[in-house]
Amino acid sequence: MISSDMNPMAAGRRGSAILRNAIILASLVISVSVQAAPDPAKRGGSVVNNHEAWKLYEKYVSAWNTTSMEQRLKIANETLSENIEYQTVRHDLCTGRSQVIEDMATFHERFPGGHFEIGDVSSHHNVALLTWVIIQADGKEFARGHDQITVDRNGKISKITTFGPSAKTPD
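This is a predicted model, so every value here is computed, not measured. (Residues numbered from 1 in each chain as written. Predicted model: local features only at pLDDT ≥ 70, side-chain atom pairs only at ≥ 80, totals over all residues. Heavy atoms only, no water.)

Chemist: Requested: an account of the overall build of the protein, with residues and values cited.
Modeler: When helices and strands are counted, the protein shows four helices and six strands. When the helices and strands of the protein are read in sequence order from the N terminus, they spell out α-α-α-β-β-α-β-β-β-β. Residues counted as buried form 34% of the 171 residues belonging to the protein. Of the roughly 10,900 Å² of accessible surface on the protein, 56% is carried by carbon and sulfur atoms. (Helix = DSSP H or I, 4+ residues; strand = E, 2+ residues; numbered from the N terminus. Buried < 20%, exposed > 50% of the residue type's maximum accessible area, 1.4 Å probe, protein only. Areas by Shrake-Rupley, 256 points an atom, 1.4 Å probe, with all protein chains shown as cover.)

Chemist: Give a detailed account of the pairing of strand E3 (residues 115-124), specifying residues and quantitative values.
Modeler: Side-chain positions along a regular strand alternate between the two faces of the sheet. As judged from the eight bridges shared by E3 and strand E4 (residues 127-135), these two strands associate in the antiparallel manner. The residue bridging His-115 from the neighbouring strand is Ile-135, located in E4. Linking E3 to E4, which pair antiparallel, is a turn of two residues; within it His-125 sits at a positive phi near 50°. (Pairing = 2+ DSSP bridges.)

Chemist: Residues and numbers for the packing of aromatic side chains, please.
Modeler: This model, assessed by the stated rule, comprises eight aromatic pairs. Measuring from ring centre to ring centre gives 4.6 Å for Phe-107 and Phe-116, while their planes differ by 35°; the resulting arrangement is tilted. Note on Phe-116: relative accessible area 12%, which makes it buried. (Phe/Tyr/Trp six-rings, centres within 6.5 Å; stacked < 30°, edge-to-face > 60°.)

Chemist: Quick one: what's the story with the pairing of E4, residue by residue and with numbers?
Modeler: Of all nine residues in E4, seven are buried, a share of seventy percent or more. Examined bridge by bridge, E4 and strand E5 (residues 141-151) share nine bridges and lie antiparallel to one another. Along E5, the bridge assignment pairs Trp-132 with Gly-145. The turn joining E4 and E5, which pair antiparallel and follow one another in sequence, is formed by five residues; a positive phi near 90° is taken by Gly-139.

Chemist: Hey, could you go over the packing of helix H2 (residues 50-65) against helix H3 (residues 69-79) for me, with residue numbers and the actual values?
Modeler: Helix-helix packing is characterised by the crossing angle of the two axes and by the distance between the axes. Their axes nearest at 8 Å, the elements H2 and H3 cross at an angle of 155°. As the angle between them shows, H2 and H3 are arranged roughly antiparallel. For H2 against H3, the interelement crossing comes out left-handed. Residues Leu-56, Lys-59, Tyr-60, Ser-62 and Ala-63 of H2 touch H3, and the partners they reach there are Arg-72, Ile-75, Glu-78 and Thr-79. A per-class count over the contact of H2 with H3 returns four nonpolar, two polar and three charged. (Axes fitted to C-alpha atoms, helices over the stretch in contact; angles between N-to-C directions. Parallel < 35°, antiparallel > 145°, perpendicular 65-115°, else oblique. Left-handed = near helix turned anticlockwise from the far one by under 90°. Contact = heavy atoms within 4.5 Å. Nonpolar A, V, L, I, M, F, W, Y, C, P; charged D, E, K, R; others polar.)

Chemist: Please provide a residue-by-residue account of the sheet that holds strand E6 (residues 157-163), values included.
Modeler: Pairing within the open sheet is mixed, and its six strands lie in the order E2-E1-E6-E5-E4-E3. Pairing within the sheet leaves two strands with one partner each, and these edge strands are strand E2 (94-95) and E3. Together, strand E1 (80-87) and E6 form the strand contacts of H3, whose direction differs from that of E1 by roughly 95°. Strand contacts of helix H4 (residues 98-110): E1, E2, E3 and E4, with the helix running at about 65° to E1, the strand carrying the most contacts.

Chemist: With reference to specific residues and values, describe the nonpolar core.
Modeler: By size, the foremost hydrophobic cluster in this structure holds 30 residues, and its most contacted members are Tyr-57, Tyr-60, Leu-80, Ile-149, Ile-157 and Ile-160. Going through the elements one at a time, H2, H3, E1, H4, E3, E4, E5 and E6 are the ones with two or more residues in this core. Of the residues forming this core, the biggest block, seven residues, is contributed by H2. Ignoring sequence-local partners within four residues, the contact set of Leu-80 consists of Tyr-60, Arg-97, Val-100, Lys-156, Ile-157 and Ile-160. (Core = buried A, V, L, I, M, F, W, Y, C linked by side-chain atoms within 4.5 Å.)

Chemist: Which residues make up the side chain of Asp-147, and what are the values?
Modeler: Mapping Asp-147 onto the fold places it in strand E5. In this structure, Asp-147 is in contact with Tyr-57, Tyr-60, Ala-128, Leu-129, Leu-130, Trp-132, Ile-160, Thr-161, Thr-162 and Phe-163, ignoring residues within four places of it in sequence.

So, in structure tokens, the structure goes:
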């Protein structure tokens, strides 16, 4: 009897089966890769680069820096989606611009003459992480933290998750 290792017909069938399985596996990997990276436009977002995220956030921060309620409302309407999701260390997730605008007023009560500056930006797809810096009226830095923003297909911020002051050590 000839073993399958020595039988050219059996070896050919086994080679064909291996090749067929490899093709099926490659097709699955490609399919999963395509599914794992959906088009941002299909999920309601828009792709933003660092420059675009910075410019949008810079305009949003200008609402925090103005003492004019009229200007705050105008800028908030231009930069924040109507049903923005907003979450901070102090607030559970809430929806709508009103809490954001209220927090802007609270900032001016706590830090009269203070303002925010932007430290840095990192973005991908429709999400950006930005560093904010609170500068007191005397020009001294008070704190640094981060905002993660999500940008919708209209180019407005649809979600902000604020992280309180950063710690250099996890203590």
